[in-house]
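Structure at a glance
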Amino acid sequence: SALAFFVALERPFPLWSFVRFPPHMAYLLPHLNDGWSVDQAIVNEEEKLVLIRFGHDHDETCMQVDDTLADVAEKVKNFCVIFLVDTTEVPDFNKMYELYDPCSMMFFHRNKHITVDLGTGNNNKINWALTDRQELIDIIETVYRGARKGRGLIVGPKDYSTKYRY
């Protein structure tokens, strides 16, 4: 039709140029869409560790983290549940947890925020793109073992203090 022809002229690039390869994996992980759901996910999980990625699905850093989380989710499913939270859609926790970075991962166990000392100075969250799958699995295992013993601060398996020095 004439309308379809006009729309085709307005688009200077093919429609498939927006497809990201490899495909973004955020759709494989459960999203929490309101503050109550986030609270319930933290409060109701008695045995497993709860890992929540705060950020945006469209952010490049979050896309990298989401791909890594989707890959490790099956391997850690016996002791960790992973959720994604959009900080614009659910702003309830932005001030409380100081969620000003594009992407942040936080750990909770038995309704308690678990801090992790990875040598970066910020023990409350991981706020960089952790793309190494084995490193993420190691961190999750270490946090789970420490949290199960009742520790609130867990020393990570690796020191990241010099990772981003130039």
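Residues numbered from 1 in each chain as written. Predicted model: local features only at pLDDT ≥ 70, side-chain atom pairs only at ≥ 80, totals over all residues. Heavy atoms only, no water.

A look at the pairing of strand 2 (residues 49-55)
Judged by how many residues are buried, strand 2 sits mostly within the fold: 7 of 7 residues are covered. Because side chains alternate across strand 2, one face comprises the buried residues Leu49, Leu51, Arg53 and Gly55, and the other comprises Val50, Ile52 and Phe54, equally buried. Summarising the sheet, strand 2 and strand 3 (residues 80-86) pair through 7 bridges and their orientation is parallel. Following the sheet pairing, Val50 is matched in strand 3 by Val81. The parallel pair strand 2 and strand 3 is bridged by helix 3 (residues 60-73), and the resulting crossover is right-handed. For strand 2 and strand 4 (residues 103-109), the ladder comprises 6 bridges, and the chain directions are antiparallel. Paired with Phe54 across the two strands is Ser104, which belongs to strand 4. (Buried < 20%, exposed > 50% of the residue type's maximum accessible area, 1.4 Å probe, protein only. Helix = DSSP H or I, 4+ residues; strand = E, 2+ residues; numbered from the N terminus. Pairing = 2+ DSSP bridges. Right-handed = clockwise from strand over helix to strand, strands pointing away.)

Digging into the nonpolar core
Counting 32 residues, the largest nonpolar core has Leu69, Phe107 and Ile140 as the members making the most contacts within it. Ranked by residue count, the leading element in this core is helix 4 (residues 133-148), at 7 residues. Setting aside its immediate chain neighbours within four residues, Ile140 contacts Leu49, Leu51, Val76, Phe79, Cys80 and Phe107. By size, the runner-up hydrophobic cluster in this structure holds 16 residues, among which are Ala41, Phe54, Val81 and Met106. (Core = buried A, V, L, I, M, F, W, Y, C linked by side-chain atoms within 4.5 Å. Contact = heavy atoms within 4.5 Å.)

Details of the environment of Ile137
Inspection of the secondary structure puts Ile137 in helix 4. When its relative accessible area of 8% is taken as the criterion, Ile137 is described as buried. Here the alpha-carbon distance between Ile137 and Val72, two residues 65 residues apart in the chain, equals 6.8 Å. Beyond its immediate chain neighbours, meaning those up to four positions away, Ile137 contacts Val72, Lys75 and Val76.

Focus on unusual backbone geometry
Glycine aside, negative phi is the norm for most residues, and most peptide bonds take the trans geometry. Of note, the phi angle at Glu98 is positive, near 55°, even though the residue is not glycine. Along the chain, Glu98 turns up in the loop between strand 3 and strand 4. For Glu98, a relative accessible area of 47% gives the class partly exposed. Despite not being glycine, Asn111 shows a phi value in the positive range, around 65°. Checked against the element boundaries, Asn111 lands in the loop between strand 4 and strand 5 (112-117).

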